Amino acid sequence: MSIKNKVVIITGAGSGIGADAAYAFGRAGAKLVVNGRRADKLEETKQAIGVNAENVACLSGDIRDEKVSERLVELAVSTFGGVDILINCAGVFSPKPFLSHSLEDLDGYLRLLRGYFVTSQFAIRAMLERGAGNIINIGSMWANHAIAATPCSGSSTAKGGVHALTRNLALEFAGNNIRVNCIAPAVVETPLFDPILTKEQLEGFNSFHPIGRNGQVKDTTEALLFLADDERSGWITGIVLPLDGGVTAGRN
């Protein structure tokens, strides 16, 4: 695996997909810079990784603030010497009918897209200094495949932008040896769903996926490890990988 000693930035690393990715990349020998809005959650992630403390740096803050994005990359450079991999994982999700969306809802989603955009700008500048790099974005199945039972036009609009950003950056920086890819998960059981679904409601989505079960964070983590590993996926760039148990394969 070509991840050992790579400098990896992970946003949204306080819980869910981002936290599990941090555990796995830490175990694979990466040097980590983890970000999330809550310092206590980041510290929990750091302690759970179980690697030497000098290999993990934490920066709390919301990447919707461009100063946080800038400091995040500066921390990676000053602590570990550069940036090799960026995983844009910070996210919010709250299904809501279109006519119920407020401008504040929409602005929150679009500012998160802006956070992905700006964080990638700062990271790519550092990657150009290294002569190579890798960005992996977290998109959404809903941006590819609308579901009547879970209307989410606000988040899907922003995640569609993440998918477009992925393809554009992949083409623009392919000549600089910087790969850019994206995964598009369906229902993955994380704390993201706690405010909007009961345990029973979440279990009801198992049958929504043709494979017969909801996604787990190990599913997203394995995809992230694959796309981050130049030895395994070095000829892949510009893809939006459906990670959805077969939902977008066709009608079930």
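The paragraphs below set out a description of the structure included in this document. (Residues numbered from 1 in each chain as written. Predicted model: local features only at pLDDT ≥ 70, side-chain atom pairs only at ≥ 80, totals over all residues. Heavy atoms only, no water.)

### Considering helix H3 (residues 66-80)
Helical periodicity: at 3.6 residues per turn, an α-helix aligns residues three or four positions apart in one direction. For clarity, the threshold we go by: The secondary structure listing takes helices from DSSP runs of H or I that are at least 4 residues long and strands from runs of E that are at least 2 residues long, numbered from the N terminus. Helix span, as expected, comes to 1.5 Å for every residue beyond the first. Accessibility here uses a 1.4 Å probe with only protein chains present; expressed as a share of the type maximum, an area under 20% marks a residue as buried, one over 50% as exposed, and anything in between as partly exposed. By definition, the arc is the one covered by directions from the helix axis to the C-beta atoms. What makes two residues a contact is simply this: any of their non-hydrogen atoms within 4.5 Å.
Over its 15 residues, H3 extends 21 Å from the first C-alpha to the last, a length consistent with the 21 Å expected when each residue adds 1.5 Å. For H3, the set of buried residues is Val68, Ser69, Leu72, Val73, Ala76 and Phe80. Looking down the long axis of H3, one finds its buried residues gathered within 135° of arc, a one-sided arrangement. Seen from the buried face of H3, the exposed residues on the opposite side, beyond 90 degrees, are Lys67 and Ser78. Next to the buried residues of H3 lie strand S1 (7-10), strand S2 (31-36), strand S3 (56-60) and helix H4 (103-130).

### Considering the nonpolar core
Note the threshold: Only buried residues count toward a nonpolar core, which is a set of Ala, Val, Leu, Ile, Met, Phe, Trp, Tyr and Cys residues joined through side-chain atoms within 4.5 Å.
By size, the foremost hydrophobic cluster in this structure holds 63 residues, and its most contacted members are Phe25, Leu32, Ile87 and Leu224. Tallying contributions element by element places H4 first for this core, with 10 residues. Once residues lying within four places of it in the same chain are set aside, the contact partners of Ile87 are Val8, Ile9, Ile10, Thr11, Phe25, Ile136 and Leu224. Core analysis: the next-biggest nonpolar cluster, separate from the first, contains 11 residues, Phe93, Met141, Trp142 and Cys152 among them.

### Focus: the sheet that holds strand S6 (residues 178-185)
Worth spelling out the cut-off: Here, any two strands with at least 2 DSSP bridges between them count as paired. The axes used here are C-alpha line fits, helices contributing only the stretch in contact, and every angle between their N-to-C directions lies in the interval 0 to 180 degrees.
The seven strands are arranged S3-S2-S1-S4-S5-S6-S7 in an open sheet whose pairing can be described as parallel. The open sheet terminates on both sides in strands that have one partner only, identified here as S3 and strand S7 (240-243). Ignoring strand direction, the axes of neighbouring strands in this sheet form an average angle of 15°. Bridge count between strand S5 (residues 133-138) and S6: six bridges; the pairing is parallel. Opposite Asn134, over in S6, you have Arg179 as the bridge partner.

### Notes on a nonpolar patch on the surface
To keep things clear, this is the line we draw: For patch detection, residues must exceed 30% relative accessible area and be free of salt bridges, and they are connected within 9 Å for like charges or within 5 Å for nonpolar side chains (Val, Leu, Ile, Met, Phe, Trp, Tyr). Here the Shrake-Rupley method, with its probe set to 1.4 Å, supplies the accessible areas, and only the displayed protein chains count as covering residues. Each salt bridge in this description consists of a side-chain nitrogen of Lys or Arg and a carboxyl oxygen of Asp or Glu lying within 4 Å of one another.
A surface patch of nonpolar side chains, about 260 Å² in accessible area, is lined by Leu103, Leu106 and Leu110. As for its position among the elements, Leu106 is in helix H4. Since its relative accessible area comes to 31%, Leu106 is described here as partly exposed.

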